[in-house]
Amino acid sequence: MPGKIISFEGIEGTGKSTQIQKLKAFLNTKNIDSLTIREPGNTYIGEQIRHLLQHDPNVQNMYTETELLLFEASRAQLVRELILPTIYSNTWVICDRFFDSSTAYQGAARQLPETIIHQLNRFTVGICIPDLTVLLDIDVDIALQRLQERKAQKDRIERESTDFFKCVREKYLQLAKEESRFFTIDATLPLETITEKICTHVQKRFAL
Ligand code: Z5A
């Protein structure tokens, strides 16, 4: 594909959004145009789904199956409406979360069958598999502390238990061991060090 796809994964508060902006600026210095997107969201349909999934106060009892299908629906729209046209116009796409989030959150933490999630992920993304996935790994207590300091109000998923986020983290680490597209970084390092490691890796990986 003409443009590359780079996804960022990790539990909440690992610094994904911060590092994505830094990577975009780095790519810019190499004359590479990039589009940053977040999941769920970015399209009209995706943002409506994001509201339902995270913030709508009228959502009292969302079943785990419903949650999974809403994340996948948002992703299906995003891939077709934005990601595919972008990479075919020779622009890179940097994703703040992608289908590995469903494997970790709905699969490992919510305990939905992995085979179903795998099939749904493949169905929604098609050929859009990331060329690189940056996993920002952090101890759950440190991440939750960062979240505490930053946010007065937690959304529906942020209100889950420490054990829930531990499951998510373990699944990410397992995926990173199994799949060569992953690059894992200790997210407790200073922000600038993390940026440097990511940019050096991207430079080498894509021979920039
Ligand atoms: N979800 C799901 O369940 N299934 C799915 O398929 C998908 C998603 C796609 C989306 O959350 C939620 O949906 C998420 C998973 C679920 N729920 N949870 N939990 P979101 O989009 O609202 O937010 P997020 O993606 O989880 O992350 P975030 O809150 O935006 O955090 P972040 O982007 O990783 O971190 P940040 O905003 O860049 O930094 C956080 C703070 O840490 C900030 O104050 C920084 O200044 C600070 N920071 C950053 N780096 C450092 C370092 N290195 N040292 C110290 N402090 C730092």
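Structure shown above.
Residues numbered from 1 in each chain as written. Predicted model: local features only at pLDDT ≥ 70, side-chain atom pairs only at ≥ 80, totals over all residues. Heavy atoms only, no water.

A. Representation of the overall build of the protein. A tally of helices and strands in the protein yields eight helices and five strands. When the helices and strands of the protein are listed from N to C terminus, the series reads β-α-β-α-α-β-α-α-β-α-α-β-α. The C-alpha atoms of the protein give a radius of gyration of 16 Å, which matches the 17 Å a tight globule of 208 residues would have. Projected onto its principal axes, the C-alpha coordinates of the protein cover approximately 45 × 35 × 30 Å. Contacts spanning at least 24 positions in sequence make up 79% of the contacts within the protein whose residues lie at least 6 apart. With an accessible surface of roughly 10500 Å², the protein has 51% of that area assigned to carbon and sulfur atoms. Taken as two groups, the 26 positive and 28 negative side-chain charges of the protein have centres that lie 3 Å from each other. (Helix = DSSP H or I, 4+ residues; strand = E, 2+ residues; numbered from the N terminus. Rg over C-alpha atoms; globule rule 2.2 N^0.38 Å. Contact = heavy atoms within 4.5 Å. Areas by Shrake-Rupley, 256 points an atom, 1.4 Å probe, with all protein chains shown as cover. Lys, Arg positive; Asp, Glu negative; His and termini not counted. Charge placed at Lys NZ, Arg CZ, Asp CG, Glu CD.)

B. How the structure looks around the pattern of salt bridges. Scanning the model with the defined rule gives 11 salt bridges in all. In this structure, Arg75 and Glu39 form a salt bridge, with 2.8 Å as the shortest nitrogen-oxygen distance. Of this pair, Arg75 sits in helix 3 (residues 64-88) while Glu39 sits in the loop between strand 2 (34-38) and helix 2 (44-55), and the two are 36 residues apart along the sequence. Residues Arg75 and Glu39 agree in their burial class; the two are buried. Here Asp100 ties to Arg181 by a salt bridge, and the two come within 2.8 Å at their closest N and O atoms. Of the two residues, Asp100 sits in helix 4 (residues 99-109) while Arg181 sits in the loop between helix 7 (162-178) and strand 5 (182-186), which places them 81 residues apart along the sequence. Pair check on accessibility: Asp100 and Arg181 agree, each one buried. Members of the salt-bridge network, linked through shared partners, are Glu67, Arg110, Arg156 and Glu160. (Salt bridge = Lys/Arg side-chain N within 4 Å of Asp/Glu carboxyl O. Buried < 20%, exposed > 50% of the residue type's maximum accessible area, 1.4 Å probe, protein only.)

C. A look at a nonpolar patch on the surface. A cluster of nonpolar side chains, Met1, Tyr88 and Ile127, forms an exposed patch at the surface whose accessible area comes to about 320 Å². Along the polypeptide, Tyr88 turns up in helix 3. (Patch = residues over 30% accessible without salt bridge, like charges linked within 9 Å, V, L, I, M, F, W, Y side chains within 5 Å.)

D. A look at the packing of helix 2 against helix 3. With their axes 9 Å apart at the nearest point, helix 2 and helix 3 run at an angle of 160° to one another. When the axes of helix 2 and helix 3 are compared, the pair comes out roughly antiparallel. At the point where helix 2 passes helix 3, the crossing takes the left-handed sense. When helix 2 is examined against helix 3, the residues Ile45, Gly46, Ile49 and Leu53 are found in contact with a partner set consisting of Glu67, Leu70, Phe71, Ala73, Ser74 and Gln77. Its residues assigned to classes, the contact of helix 2 with helix 3 comprises six nonpolar, three polar and one charged. (Axes fitted to C-alpha atoms, helices over the stretch in contact; angles between N-to-C directions. Parallel < 35°, antiparallel > 145°, perpendicular 65-115°, else oblique. Left-handed = near helix turned anticlockwise from the far one by under 90°. Nonpolar A, V, L, I, M, F, W, Y, C, P; charged D, E, K, R; others polar.)

E. View of helix 8 (residues 191-205). The end-to-end C-alpha distance of helix 8, which contains 15 residues, comes to 21 Å, matching closely the 21 Å that a straight helix rising 1.5 Å per residue would cover. Within helix 8 the residues assigned to the buried category are Ile194, Thr195, Ile198, Cys199, His201 and Val202. One side of helix 8 carries all its buried residues, which in axial view fall inside an arc of 160°. Exposed and facing more than 90 degrees away from the buried side of helix 8 are Glu192, Glu196 and Lys204. Of the surrounding secondary structure, the elements contacted by the buried residues of helix 8 are strand 1 (5-9), helix 1 (16-29), strand 3 (92-96), strand 4 (132-137) and strand 5. Positive phi shows up at Ala207, right after helix 8, with a value of about 50°. (Expected span 1.5 Å × (residues − 1). Arc of directions from axis to C-beta.)

F. Structural view of the sheet that holds strand 1. One open sheet accounts for five strands, arranged 2-3-1-4-5; its pairing is parallel. Of all the strands in the sheet, just strand 2 and strand 5 have a single pairing partner and so form its edges. Averaged over all adjacent pairs, the angle separating strand axes in this sheet is 20°, with direction ignored. Two strands pair when backbone bridges link them, and strand 4 and strand 5 are joined in this way by five bridges, in the parallel orientation. Directly across from Leu135, in strand 5, lies its bridge partner Thr184. Packed onto the sheet, helix 1 meets strand 1, strand 2, strand 3 and strand 4 and runs at close to 170° relative to strand 3. (Pairing = 2+ DSSP bridges.)

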